[in-house]
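# Fold and contact review
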Amino acid sequence: MTNDILLLIADSIGIIAFALSGLFIATKERLDLLGLFIIAFLTALGGGVIRDIIIDRPLMSFTHYLPAFLVIGVVIIGLLFKLHKKSEIASHYLFIFSDTLGLVSFAITGSLLGIAADFHIIGVMFLALITAVGGGVLRDMLLNEVPLLLKSDFYGSIALLVGMVLYILYINDMLNSAAVLGVFIGGISLRLIAFYRDWHLPKL
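Predicted model, so just to flag it, every value in this text is computed and none were measured.

## Structural notes on the packing of helix α2 (residues 33-54) against helix α4 (residues 66-80)
- Where α2 meets α4, the axes come as close as 10 Å, and the angle between the chain directions of the two elements is 130°. Here α2 lies oblique to α4, going by the angle between them. Handedness of the α2/α4 crossing: right-handed. Of the residues in α4, those in contact with Leu33, Leu36, Phe37, Ala40, Phe41, Ala44 and Leu45 of α2 are Pro67, Ala68, Val71, Ile72, Val75 and Leu79.

As structure tokens, this is what we get:
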């Protein structure tokens, strides 16, 4: 599988997952329909836009229709199936899972594009972080909330680990589809385990 196909798959998964998490946040905040779409678009596409600006790449969200169609489709399907009206516990779990899926998927796309741009390991890790959390940070700032990045220790850390692992695989000529899938599954598993076991980094 070529890098272009891997990027498209990971980007699409990230957009769908973050659009869904944006839907949950918007309905929780009781926003109107326009506000709901704004939050969904910002959450799903914000990180990718910042990423593309950093690496001087044509903005995928503005040059391709697929990202917009994915966000609109997720919001419409979510509203039709009344996902936003599920019980608070069910909505919470769906939000955590979709947010985790988006986090890891976008961390992978940021890492792969950083590697393609010949960034060193710090650059790759930073681009993975920005891609993964950028949209969520913009969303939380717009809603006057403390960004999840600053409240959850094993949130941004997952994106950094994904970037580091993919870079190490790359320099050892081990970066392939199977390795990326392994990192994807491992990243999701680590984030969910950390969340449910309430793992935290040491605090000063």
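Further notes follow.
## Remarks on unusual backbone geometry
- Its identity is not glycine, yet Asp118 carries a phi of approximately 65°, on the positive side.
- Along the polypeptide, Asp118 turns up in the loop between α5 (88-116) and α6 (121-142).
- By relative accessible area, which is 65% here, Asp118 ends up exposed.
- One non-glycine residue, Asp173, lies in positive phi territory at about 55°.
- Among the secondary structure elements, Asp173 is positioned in the loop between α8 (153-171) and α9 (177-196).
- Since its relative accessible area comes to 72%, Asp173 is described here as exposed.

## Notes on the packing of helix α1 (residues 3-28) against α2
- Between α1 and α2, whose axes approach to 7 Å, the crossing angle comes to 145°. Crossing handedness for the pair α1 and α2: right-handed. Touching Asp11, Ile15, Phe18, Ala19, Ser21, Gly22, Leu23, Ala26 and Thr27 of α1 are Leu36, Ile39, Ala40, Thr43, Ala44, Leu45 and Arg51, all from α2.

Analysis parameters
Residues numbered from 1 in each chain as written. Predicted model: local features only at pLDDT ≥ 70, side-chain atom pairs only at ≥ 80, totals over all residues. Heavy atoms only, no water. Axes fitted to C-alpha atoms, helices over the stretch in contact; angles between N-to-C directions. Helix = DSSP H or I, 4+ residues; strand = E, 2+ residues; numbered from the N terminus. Parallel < 35°, antiparallel > 145°, perpendicular 65-115°, else oblique. Left-handed = near helix turned anticlockwise from the far one by under 90°. Contact = heavy atoms within 4.5 Å. Buried < 20%, exposed > 50% of the residue type's maximum accessible area, 1.4 Å probe, protein only.

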